[in-house]
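These are the residues of each chain, in order.
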Amino acid sequence: MPRLLYSAIASVDGYTADTSGNFDWAAPDEEVHAFVNDMERSTSTYLYGRRMYETMQVWQTFGDDPDESPVVVDFAGIWRGADKVVYSATLDAVSTPRTSLERTFDPDAVRALVAAAPGDVGIGGPTIAAAALRAGLVDEVRLILVPVAVGGGTPALPRGLNLGLELQDERRFANGTVFLNYRVTPS
């Protein structure tokens, strides 16, 4: 059965971007990137808010250069091979294949989309993930914590949400990054 999986790269103090909106500190090294690729292989559909889609759409052409690292080329193929749904009331149009635009986030429609998906559904971006978490749609939360504290910014998990989590998996990487996978449990 397909699952709705929220994945985020965050600082150890829990932010996906700092107070300036910067997240260059979150760029994964080769080892972490290869792990992310393997984690994303089961994803058939990505759900994005406008900002995350605008960040991710670079993968439509990034990785075409034969001199790119194999993990970059691999991720580009994974991303291009998945369907994408962008939730935005302000975006005029989408510019990548296999991408649809929805004006509102409807939990019932998302529930039906996940149930009908041929593989797992990934949700990317803390704002859209907050809506899915608050609606009780997310099955797992996957956090990749980078060894940096940024002191504030965009939280990976929504403020004010009481969320039960059961640790399913963990992994340490040579660069100090840590992966934590939690199943969402009734709180």
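Nothing here was measured: the structure is a model prediction, and the numbers come from that model.

So, how was this worked out
- Residues numbered from 1 in each chain as written.
- Predicted model: local features only at pLDDT ≥ 70, side-chain atom pairs only at ≥ 80, totals over all residues.
- Heavy atoms only, no water.
- Helix = DSSP H or I, 4+ residues; strand = E, 2+ residues; numbered from the N terminus.
- Rg over C-alpha atoms; globule rule 2.2 N^0.38 Å.
- Buried < 20%, exposed > 50% of the residue type's maximum accessible area, 1.4 Å probe, protein only.
- Contact = heavy atoms within 4.5 Å.
- Lys, Arg positive; Asp, Glu negative; His and termini not counted.
- Charge placed at Lys NZ, Arg CZ, Asp CG, Glu CD.
- Phe/Tyr/Trp six-rings, centres within 6.5 Å; stacked < 30°, edge-to-face > 60°.
- Lys NZ or Arg CZ within 6 Å of the ring centre and 35° of its normal.
- Core = buried A, V, L, I, M, F, W, Y, C linked by side-chain atoms within 4.5 Å.
- Pairing = 2+ DSSP bridges.

Colleague: What should I look at first to understand the overall build of the protein chain in this one?
Modeller: Secondary structure assignment for the protein chain yields five helices and 10 strands. Compactness check: the protein chain gives a C-alpha radius of gyration of 16 Å against a globular reference of 16 Å for 187 residues, within 12% of the reference. Reported as C-alpha extents along the three principal axes, the dimensions of the protein chain are approximately 40 × 40 × 35 Å. Relative to its 187 residues, the protein chain shows a buried fraction of 45%. Considering only contacts within the protein chain whose residues lie at least 6 apart along the sequence, 70% involve residues at least 24 apart. Charged side chains of the protein chain number 15 positive and 25 negative; the gap between the two group centres comes to 6 Å.

Colleague: Just checking my understanding: could you explain the packing of aromatic side chains for this structure?
Modeller: Centre-to-centre distance and the angle between the planes together describe a pair of aromatic rings. Using the criterion set out here, one finds six aromatic pairs in the structure. Summarising the aromatic geometry, the rings of Tyr-87 and Phe-105 are spaced 5.2 Å apart at their centres and angled 70° between planes, so their arrangement reads as edge-to-face. Within this pair, whereas Tyr-87 is found in strand β4 (residues 83–87), its partner Phe-105 is found in the loop between β5 (99–102) and α4 (107–116), the two being separated by 18 residues in sequence. Like Tyr-87, the residue Phe-105 is buried in the burial classification. Taken together, the aromatic side chains of Phe-35, Phe-173 and Phe-179 make up a single cluster linked through ring pairs. A cation over a ring is seen here: Lys-84 above Trp-79, with NZ or CZ 4.1 Å from the ring centre.

Colleague: Can you walk me through helix α5 (residues 126–134) in this structure?
Modeller: Structural remark: α-helix, 3.6 residues per turn; residues separated by three or four positions point the same way. Looking at α5, one finds that the buried residues are Pro-126, Ile-128, Ala-129, Ala-130, Ala-132 and Leu-133. Gly-136 sits one or two residues past α5 and shows a positive phi near 75°.

Colleague: Would you mind going over the nonpolar core with me for this structure?
Modeller: The tendency in soluble globular proteins is for nonpolar side chains to be buried side by side. Counting residues in hydrophobic clusters, the biggest one holds 26 residues, and the most contacted among them are Leu-4, Tyr-6, Leu-47, Phe-105, Val-110, Ile-123 and Val-138. Looking at this core, the elements that each hand over two or more residues are β1 (4–11), β4, α4, β6 (120–124), α5, β7 (140–146) and β10 (178–185). Once residues lying within four places of it in the same chain are set aside, the contact partners of Phe-105 are Tyr-87, Val-110, Ile-123, Ile-128, Ala-131, Ala-132 and Leu-137. Counting 20 residues, the second largest nonpolar core, distinct from the first, contains Tyr-48, Trp-59, Ala-76 and Ile-78.

Colleague: Looking at this model, I keep getting lost on the pairing of β10. Mind explaining?
Modeller: Within a regular strand, side chains alternate between the sheet's two faces. Among the eight residues that make up β10, six are buried, leaving the element largely enclosed by the rest of the structure. Two strands pair when backbone bridges link them, and β7 and β10 are joined in this way by six bridges, in the antiparallel orientation. Bridge assignment links Leu-145 to a residue of β10, and that residue is Val-178. As defined by bridge partners, strand β9 (residues 164–172) adjoins β10 across eight bridges and the pair is classed as antiparallel. Opposite Leu-165, over in β10, you have Val-184 as the bridge partner. Hairpin connection from β9 to β10: five residues lie between these consecutive antiparallel strands, with Gly-176 at a positive phi of about 95°.

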